[in-house]
Amino acid sequence: MDFSEKTVKQEYLFKGEVINLRIDTVITPGGNTATRELVEHPGGVCVVPLFDDGTVMMEWQYRRPFDTNTFEIPAGKLHYGEDPLECGKRELEEETGYRARNYISLGKMLPTPGFCYEVVHMYLATDLYEGSLNRDEDEFMELQRVPLEELVEKALKGEIVDAKTCLAILKVNEMKNRGMI
């Protein structure tokens, strides 16, 4: 089936450092005209840093839109054209002070496909070793190592609400259960 729409007009309302806001006028498959409010975003990367003892390095980080701290895996924004794995390596070390010898792709996720172009690339990092902590000057977080099984329970109970963290943790747990890691 093809439900694609034909764009007949694009208008930018805002162009920023991280996002652009755009309104598209489209022709739907049924022949009607409609508008679509869209957010252009360069995408991001998240990393599950899994230690040999079965713990995962997590971050408590303040999130302004919700005026609260969230419990998340390390993550960061891609620069346009940047290789996602290289971004993941950079973010892991910057935020946690660790590097990894092994990375496994966990695939991609589309956090809000109804209006945003953001794609989040997910990775599992293993065989971790100390690097150097080098956070951005506006990044404030507290690190905490938590057993993977405990994180799965927190995700299932709704105690972890960050979508990329929930999905990546559940994928890693399933890989572990299947003997893939």
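The following paragraphs examine the structure supplied in this document. Remember, it's a predicted structure, so these values are computed and weren't measured experimentally.

### Examining the packing of aromatic side chains
Phase 1 of the analysis: Applying the stated rule across the entire model yields 2 aromatic pairs.
Phase 2 of the analysis: Geometrically, the ring pair formed by Phe 51 and Tyr 98 is edge-to-face, given 5.0 Å between the ring centres and 90° between the ring planes. Residue Phe 51 is found in the loop between strand 4 (44–49) and strand 5 (55–63), and its partner Tyr 98 is found in strand 8 (residues 98–109); the two are separated by 47 residues along the sequence. Each of the two residues, Phe 51 as well as Tyr 98, counts as buried.
Phase 3 of the analysis: Ring centres of Trp 60 and Phe 71 lie 4.5 Å apart, and the angle between their planes is 25°; on these two criteria the pair is classed as stacked. Taken together, the positions of Trp 60 in strand 5 and Phe 71 in strand 6 (residues 68–72) put the pair 11 residues apart, joining distant regions of the chain.
Phase 4 of the analysis: Residue classification places Trp 60 among the partly exposed residues on the basis of a relative accessible area of 34%.
Phase 5 of the analysis: A residue is classified by how much of its surface remains accessible, and Phe 71, at 5% relative accessible area, is buried.
Phase 6 of the analysis: Here the guanidinium or amino end of Arg 145 rests over the ring plane of Phe 51, the centre of that ring lying 3.6 Å away.

### Comments concerning the layout of surface pockets
Phase 1 of the analysis: In this structure, the largest pocket spans a volume of roughly 1,300 Å³.
Phase 2 of the analysis: Every residue lining the largest pocket is counted, 35 residues in all, and those nearest its centre are Gln 61, Arg 63, Glu 72, Glu 118 and Lys 164.
Phase 3 of the analysis: A total of 4 residues in the lining of the largest pocket trace back to one element, the largest contributor, which is helix 1 (residues 84–96).
Phase 4 of the analysis: When the residues that make up the lining of the largest pocket are grouped by side-chain class, the tally is 12 nonpolar, 9 polar and 14 charged.

### Structural notes on unusual backbone geometry
Phase 1 of the analysis: With a phi angle near 50°, Asp 67 is a residue other than glycine that sits in the positive phi range.
Phase 2 of the analysis: Tracing the backbone through its elements, the reader meets Asp 67 in the loop between strand 5 and strand 6.
Phase 3 of the analysis: For Asp 67, a relative accessible area of 54% puts it in the exposed group.
Phase 4 of the analysis: Positive phi is not limited to glycine here, since Asp 127 has a value of about 55°.
Phase 5 of the analysis: Tracing the sequence through the fold places Asp 127 in strand 9 (residues 120–130).
Phase 6 of the analysis: Looking at Asp 127, the relative accessible area reads 29%, which means it is partly exposed.

### Brief notes about helix 2 (residues 148–157)
Phase 1 of the analysis: When we look at burial in helix 2, the residues that qualify are Leu 148, Leu 151, Val 152 and Ala 155. Taken down its axis, helix 2 places every buried residue within 105° of arc, on the same side.
Phase 2 of the analysis: Along its buried surface, helix 2 packs onto strand 5, strand 6, strand 10 (141–147) and helix 3 (163–177).
Phase 3 of the analysis: One or two residues past the end of helix 2 sits Gly 158, with phi positive at roughly 85°.

Calculation notes
- Residues numbered from 1 in each chain as written.
- Predicted model: local features only at pLDDT ≥ 70, side-chain atom pairs only at ≥ 80, totals over all residues.
- Heavy atoms only, no water.
- Phe/Tyr/Trp six-rings, centres within 6.5 Å; stacked < 30°, edge-to-face > 60°.
- Helix = DSSP H or I, 4+ residues; strand = E, 2+ residues; numbered from the N terminus.
- Buried < 20%, exposed > 50% of the residue type's maximum accessible area, 1.4 Å probe, protein only.
- Lys NZ or Arg CZ within 6 Å of the ring centre and 35° of its normal.
- 1 Å grid on protein atoms, 1.4 Å probe; cavity = no way out; pocket = protein on both sides within 12 Å on 5 of 7 lines; lining within 4 Å.
- Points joined across faces, edges and corners; volume = space filled by probe spheres on them.
- Nonpolar A, V, L, I, M, F, W, Y, C, P; charged D, E, K, R; others polar.
- Arc of directions from axis to C-beta.
- Contact = heavy atoms within 4.5 Å.

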